[in-house]
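Residue strings, one per chain:
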Amino acid sequence: MLVEEKMSKVINLNQPVKEICDAYPEAKEILKGLGFVQITNPMMLKTMGKVMTLTKGSAMMGVDIDKIKKAFEDKGYEVKD
């Protein structure tokens, strides 16, 4: 019997958004669905994404951090503070 190993998707709320999106391209769609529509602009991701974290973006956009956590957890991510 083969044991299937599940690849863990882990993100940190204080990790730059660009790093998250580089590691997990589907994260862009999750963030877009939460109202972070500028994430789909490659130039914004390349520049602001290097310094913007989910924690900072949450405060800046007025999106509850728990809503962001839940959206990622619902898609199979482990979210760390």
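A brief look at the structure comes next. (Residues numbered from 1 in each chain as written. Predicted model: local features only at pLDDT ≥ 70, side-chain atom pairs only at ≥ 80, totals over all residues. Heavy atoms only, no water.)

## Points about the overall build of the protein
And step 1. The secondary structure content of the protein amounts to five helices and two strands.
And step 2. The secondary structure elements of the protein, listed N-terminal to C-terminal, are β-α-α-α-α-α-β.
And step 3. Considering only C-alpha atoms, the protein reaches an extent of 50 × 25 × 20 Å along its principal axes.
And step 4. Counting over 81 residues, the protein shows a buried share of 33%.
And step 5. A total of about 5600 Å² of accessible surface is found on the protein, and carbon and sulfur atoms cover 57% of it.
And step 6. When the 13 positive and 12 negative side-chain charges of the protein are each reduced to one mean point, those points stand 7 Å apart. (Helix = DSSP H or I, 4+ residues; strand = E, 2+ residues; numbered from the N terminus. Buried < 20%, exposed > 50% of the residue type's maximum accessible area, 1.4 Å probe, protein only. Areas by Shrake-Rupley, 256 points an atom, 1.4 Å probe, with all protein chains shown as cover. Lys, Arg positive; Asp, Glu negative; His and termini not counted. Charge placed at Lys NZ, Arg CZ, Asp CG, Glu CD.)

## Focus: the environment of tyrosine 77
And step 1. Relative to the helices and strands, tyrosine 77 is located in strand β2 (residues 77-80).
And step 2. In this structure tyrosine 77 comes out as buried when scored by relative accessible area, which is 4%.
And step 3. Separated by 28 residues in the primary sequence, tyrosine 77 and glycine 49 have C-alpha atoms spaced 19 Å apart.
And step 4. Excluding anything up to four places from it in sequence, tyrosine 77 contacts Lys9, Ile11, Tyr24, Glu26, Ala27, Ile30 and Phe72. (Contact = heavy atoms within 4.5 Å.)

## Points about the side chain of threonine 53
And step 1. Position of threonine 53 among the secondary structure elements: in the loop between α3 (42-47) and α4 (54-61).
And step 2. Judged by its relative accessible area of 8%, threonine 53 is buried.
And step 3. A distance of 3.0 Å separates a polar side-chain atom of threonine 53 from the backbone nitrogen of lysine 56.
And step 4. Residue contacts for threonine 53: discarding those within four places in its chain leaves Leu13, Asn14, Gln15, Pro16 and Val17. (Polar contact = N/O pair within 3.5 Å; in protein donor to acceptor, adjacent residues only side chain to side chain.)

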